[in-house]
Amino acid sequence: MVKGRLEAFSDGVIAIIITIMVLEIKVPHGFNLAALRPLISVFLSYVLSFIFIGIYWNNHHHLLQAVRHVNGHILWANLHLLFWLSLIPFVTGWMGENHFAAMPVALYGTVLLLAAIAYFILTRVLIYHHGTDSALAIAVGGTFKEKASVVFYAVAIPLAFMNSWFACALYVLVAVMWLIPDRRIEKTLIP
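Residues numbered from 1 in each chain as written. Predicted model: local features only at pLDDT ≥ 70, side-chain atom pairs only at ≥ 80, totals over all residues. Heavy atoms only, no water.

(A) Local environment of the side chain of Ser-10. Checked against the element boundaries, Ser-10 lands in helix H1 (residues 4-23). Classification of Ser-10 as buried rests on a relative accessible area of 0%. Only 2.7 Å separates the side chain of Ser-10 from the side chain of Asn-78, close enough to count as a polar contact. For Ser-10, the contacting residues outside a window of four places in its chain are His-60, Asn-78 and Leu-82. (Helix = DSSP H or I, 4+ residues; strand = E, 2+ residues; numbered from the N terminus. Buried < 20%, exposed > 50% of the residue type's maximum accessible area, 1.4 Å probe, protein only. Polar contact = N/O pair within 3.5 Å; in protein donor to acceptor, adjacent residues only side chain to side chain. Contact = heavy atoms within 4.5 Å.)

Structure below.
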């Protein structure tokens, strides 16, 4: 099967996820800056989640540049990733509305952890389908950032119950780590 429908569907789902997140930010009834103060935590959680969704979209896009074709296993692995990403608006809203309380921050991290695992599964299914000597396998190569992300999420989840701000700092650290562009696929595919 060609990869075009998978890309289009994924792009559409990610666009809807971002739209749902921004619609969760309610317009205040006041007309001055003080009316925005109660929305600070909602806005901060939105910004963090927008960055994470952007990172996933960017990496997904780059990943699929190295893909020649897809099969049913790849479609299901991609849906698995999209499922966890689709929960980000819920945990984002819950975390923001509750001013970064422990349980919402821990659940936020759990969803991020499961999305990271789903992305890892997707890459492994793609590599299996295209072969360990394929351009995709060579491009993906080492997985330091992927492993570090999983470790940081796994540490942040229980940490949220001791200090939710430290847990959020770990989430930000993962985001910053991934904001540095990953050029592995571009270097492999472009001579």
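So that's the structure; there's more coming.
(B) Examining the packing of aromatic side chains more closely. Counting across every chain of the model gives 8 aromatic pairs. Where Tyr-46 meets Phe-50, the ring centres are 5.9 Å apart and the plane angle is 45 degrees; that geometry is what we call tilted. Remark: Phe-50 and Tyr-46 occur in helix H2 (residues 40-65); sequence separation between them is 4 residues, near one turn of the helix. Looking at Phe-50, the relative accessible area reads 38%, which means it is partly exposed. Relative to Tyr-171, the ring of Tyr-153 has its centre 6.3 Å away and its plane inclined at 50 degrees; by these criteria the two rings are tilted. Here the residue Tyr-153 occupies a position in helix H7 (residues 144-159), and Tyr-171 occupies one in helix H8 (residues 164-179), the gap between them amounting to 18 residues. The exposure class assigned to Tyr-153 is buried, which follows from its relative accessible area of 2%. Ring pairing ties together the aromatic residues Phe-52, Tyr-108, Tyr-153 and Tyr-171, which thus form one cluster. In this structure, Lys-145 packs its charged tip against the face of Trp-178, placed 4.6 Å from the ring centre. (Phe/Tyr/Trp six-rings, centres within 6.5 Å; stacked < 30°, edge-to-face > 60°. Lys NZ or Arg CZ within 6 Å of the ring centre and 35° of its normal.)

(C) Local environment of the confidence of the model for the protein chain. Taken over all residues, the pLDDT of the protein chain has a mean of 93, while the share at 70 or more is 96%. Element-level mean pLDDT values for the protein chain span from 70 in helix H9 (residues 184-189) up to 98 in helix H3 (residues 72-86). (pLDDT = per-residue confidence, 0-100.)

(D) Spotlight on H1. Between its first and last C-alpha atoms H1 spans 29 Å; for 20 residues at 1.5 Å apiece the expected length is 28 Å, and the two agree. All of the buried residues in H1 are Leu-6, Ser-10, Val-13, Ile-14, Ile-17 and Met-21. Seen from one end, H1 has its buried residues packed into an arc of 95 degrees, which puts them on one side. Counted as exposed and oriented over 90 degrees from the buried face of H1: Arg-5, Ile-16 and Leu-23. Contacts made by the buried residues of H1 are with H2, H3 and helix H4 (88-97). (Expected span 1.5 Å × (residues − 1). Arc of directions from axis to C-beta.)

(E) The environment of Ala-35, seen in detail. Relative to the elements of secondary structure, Ala-35 occurs in the loop between H1 and H2. On the basis of relative accessible area, Ala-35 is assigned to the buried category, the value being 17%. Distance in space between the C-alpha atoms of Ala-35 and Ser-149 is 36 Å, their sequence separation being 114 residues. Residues contacting Ala-35, with those up to four places away along its chain left out, are Pro-28 and Gly-30.

(F) Examining the packing of H2 against H3 more closely. Two elements in contact, H2 and H3, have axes whose closest approach is 12 Å; the angle formed by their N-to-C orientations is 165 degrees. Classified by the interaxial angle, the pair formed by H2 and H3 is roughly antiparallel. For H2 against H3, the interelement crossing comes out left-handed. Taking contact as the criterion, the partners of Ile-53, Tyr-56 and His-60 in H2 are, on H3, Asn-78, Leu-81 and Leu-85. Grouping the constituent residues of the contact of H2 with H3 by class yields 4 nonpolar, 2 polar and no charged. (Axes fitted to C-alpha atoms, helices over the stretch in contact; angles between N-to-C directions. Parallel < 35°, antiparallel > 145°, perpendicular 65-115°, else oblique. Left-handed = near helix turned anticlockwise from the far one by under 90°. Nonpolar A, V, L, I, M, F, W, Y, C, P; charged D, E, K, R; others polar.)

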